[in-house]
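Letter by letter, the chains look like this.
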Amino acid sequence: ELKVEQNPLFLSMQEGKNYTIYCNYSTTSDRLYWYRQDPGKSLESLFVLLSNGAVKQEGRLMASLDTKARLSTLHITAAVHDLSATYFCAVDRDDKIIFGKGTRLHILP
Amino acid sequence: NAGVTQTPKFQVLKTGQSMTLQCAQDMNHNSMYWYRQDPGMGLRLIYYSASEGTTDKGEVPNGYNVSRLNKREFSLRLESAAPSQTSVYFCASITIKKAFFGQGTRLTVV
């Protein structure tokens, strides 16, 4: 059974700092997704990672995938207040897409 | 989000009532999903459809039924609503390149 674990579940950090969110999953997968959700809103797609060693970057966010370790990371560089949101990873195996519980990121100005 | 239309946005039901949540996408995607989101639980998969004419159970299918009417539409039905089904429901259309989510349905069962 596919299980997805994110940590930390809550993160409060200062602007300008770097941090990493971790996403572990329990079985082999076809692809891994990262999403952002603002309070009261729907989900916004950030990245899709398809293969081992894949790295994608958009602005201050960078996602990577290590399929051997069954681990993906979302790295935040020089955080700014606008990045405050909840971030989810989700793992796809045979079209069944399971989400982690999310990391609520609060960036202090 | 552009491309996925989900209705209604809000609904209040009495225990035992039934209702259908509608979802339609105009991007010609094969795979569509229904999730529920509860505080502290992330998104949990209710049902999914990898292609027209097929549906599969997700993590929390009990109390729900789905119908993939055609490639565009994927509906979720609550036959006899229970307070435990109070939640925010999201429909999604997902490809290997990107995911598109509906705006969500906030359902309260009293």
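Whatever comes next refers back to the structure up there.
None of the values given here were measured: they were computed from a predicted structure. (Residues numbered from 1 in each chain as written. Chains lettered and ligands numbered in written order. Predicted model: local features only at pLDDT ≥ 70, side-chain atom pairs only at ≥ 80, totals over all residues. Heavy atoms only, no water.)

Participant: Is there a simple way to explain the packing of aromatic side chains in this structure?
Facilitator: In this description, a pair of aromatic rings is defined by centroid distance and the angle of the planes. Here the structure, examined in full by the defined rule, presents ten aromatic pairs over all chains. Aromatic pair Phe99(A) and Tyr35(B): ring centres 5.0 Å apart, planes at 75°, arrangement edge-to-face. On the criterion of chain membership, the pair formed by Phe99(A) in strand β10 (residues 96-99) and Tyr35(B) in strand β4 (residues 32-38) is interchain, its members lying in two chains. Pair check on accessibility: Phe99(A) and Tyr35(B) agree, each one buried. Judged by centre distance (5.9 Å) and plane angle (65°), the ring pair of Tyr64(B) and Tyr89(B) falls under edge-to-face. One end of the pair, Tyr64(B), is in strand β7 (residues 64-67); the other, Tyr89(B), is in strand β9 (residues 87-94), and 25 residues separate them in sequence. By the burial criterion, Tyr64(B) is buried, and Tyr89(B) matches it. (Phe/Tyr/Trp six-rings, centres within 6.5 Å; stacked < 30°, edge-to-face > 60°. Helix = DSSP H or I, 4+ residues; strand = E, 2+ residues; numbered from the N terminus. Buried < 20%, exposed > 50% of the residue type's maximum accessible area, 1.4 Å probe, protein only.)

Participant: Before we go on, may I ask you to explain the interface of chain B and chain A in this structure?
Facilitator: Interfaces are often sized by the accessible area lost when the parts come together. Taken residue by residue, the interface counts 25 residues in chain B and 19 residues in chain A. Sorting the residues of chain B by area buried against chain A places Leu43(B), Ile96(B) and Phe101(B) first, and these three jointly supply 26% of that buried surface. For the interface between chain B and chain A, the tally reads zero salt bridges. Summed over the shared surface of chain B and chain A, the result is five residue pairs in polar contact (both at pLDDT 80 or more). (Contact = heavy atoms within 4.5 Å. Buried area = accessible area lost by both parts, 1.4 Å probe. Salt bridge = Lys/Arg side-chain N within 4 Å of Asp/Glu carboxyl O. Polar contact = N/O pair within 3.5 Å; in protein donor to acceptor, adjacent residues only side chain to side chain.)

Participant: Mind showing me how you'd approach the state of the cysteines here?
Facilitator: Here, the word disulfide means a covalent bond between the sulfur atoms of two cysteines. Taken as a whole, this structure holds two disulfides over all chains when the rule is applied. Disulfide partner of Cys23(A): Cys89(A), at an S-S distance of 2.0 Å. Between Cys23(A) and Cys89(A), the S-S dihedral sits near 80°, and the bridge is therefore right-handed. Residue Cys23(A) is found in strand β3 (residues 19-25), and its partner Cys89(A) is found in strand β9 (residues 85-93); the two are separated by 66 residues along the sequence. Among the residues examined, Cys23(A) registers a relative accessible area of 0% and is labelled buried. Paired through a disulfide, Cys23(B) and Cys91(B) show a sulfur-sulfur distance of 1.8 Å. Across the S-S bond of Cys23(B) and Cys91(B) the torsion is about -70°, and the bridge reads as left-handed. (Disulfide = S-S within 2.5 Å.)

Participant: So what exactly am I meant to see when it comes to the layout of surface pockets here?
Facilitator: One water molecule sets the probe size; rolling that probe over the atoms shows where empty space is left. Each pocket or cavity is described by its volume, and for the largest pocket that value is around 850 Å³. Forming the boundary of the largest pocket are 34 residues, of which Gln37(A), Asp38(A), Pro39(A), Gly40(A) and Gln37(B) lie nearest the centre. Sorting the residues of the lining of the largest pocket by element identifies β9 and β11 (103-108) of chain A together with β4, β9 and β11 (105-109) of chain B as the ones contributing at least two each. Among the elements that take part in the lining of the largest pocket, β11(A) stands out by supplying four residues, more than any other. (1 Å grid on protein atoms, 1.4 Å probe; cavity = no way out; pocket = protein on both sides within 12 Å on 5 of 7 lines; lining within 4 Å. Points joined across faces, edges and corners; volume = space filled by probe spheres on them.)

Participant: Sorry if this is basic, but what is going on with the side chain of Ser49(B) here?
Facilitator: All names here are of chain B. By the secondary structure assignment, Ser 49 is in strand β5 (residues 42-49). A relative accessible area of 0% places Ser 49 in the buried class. Polar contacts involving the side chain of Ser 49 include one to the main-chain carbonyl oxygen of Ser 51, which spans 3.0 Å. Leave out the neighbours within four places in its chain, and Ser 49 touches Asn 30, Ser 31, Met 32, Thr 54, Thr 55, Arg 68 and Phe 74.

Participant: Can you help me understand the environment of Cys23(B) in this one?
Facilitator: Residue and element names in this part refer to chain B. Note that Cys 23 resides in strand β3 (residues 19-25). Here the alpha-carbon distance between Cys 23 and Thr 7, two residues 16 residues apart in the chain, equals 6.6 Å. Apart from the residues lying within four places of it in its own chain, the contact partners of Cys 23 are Val 4, Thr 5, Met 32, Trp 34, Arg 72, Glu 73, Phe 74 and Cys 91.

Participant: Would you take a moment to explain unusual backbone geometry for this structure?
Facilitator: For residues that are not glycine, phi is negative in most cases, and the peptide bond is trans in most cases. The omega torsion of the bond from Asn7(A) to Pro8(A) falls at -5°, within 30 degrees of zero and hence cis. Position of Pro8(A) among the secondary structure elements: in the loop between β1 (4-7) and β2 (10-14). Omega for the peptide link from Thr7(B) to Pro8(B) comes to -5°, which places this bond in the cis form. Not every positive phi belongs to a glycine, and Arg70(A) is a case in point at roughly 55°. Looking at the secondary structure, you find Arg70(A) in the loop between β7 (61-66) and β8 (71-76). Positive phi outside glycine occurs at Asp94(A), with the angle close to 55°. Along the chain, Asp94(A) turns up in the loop between β9 and β10.

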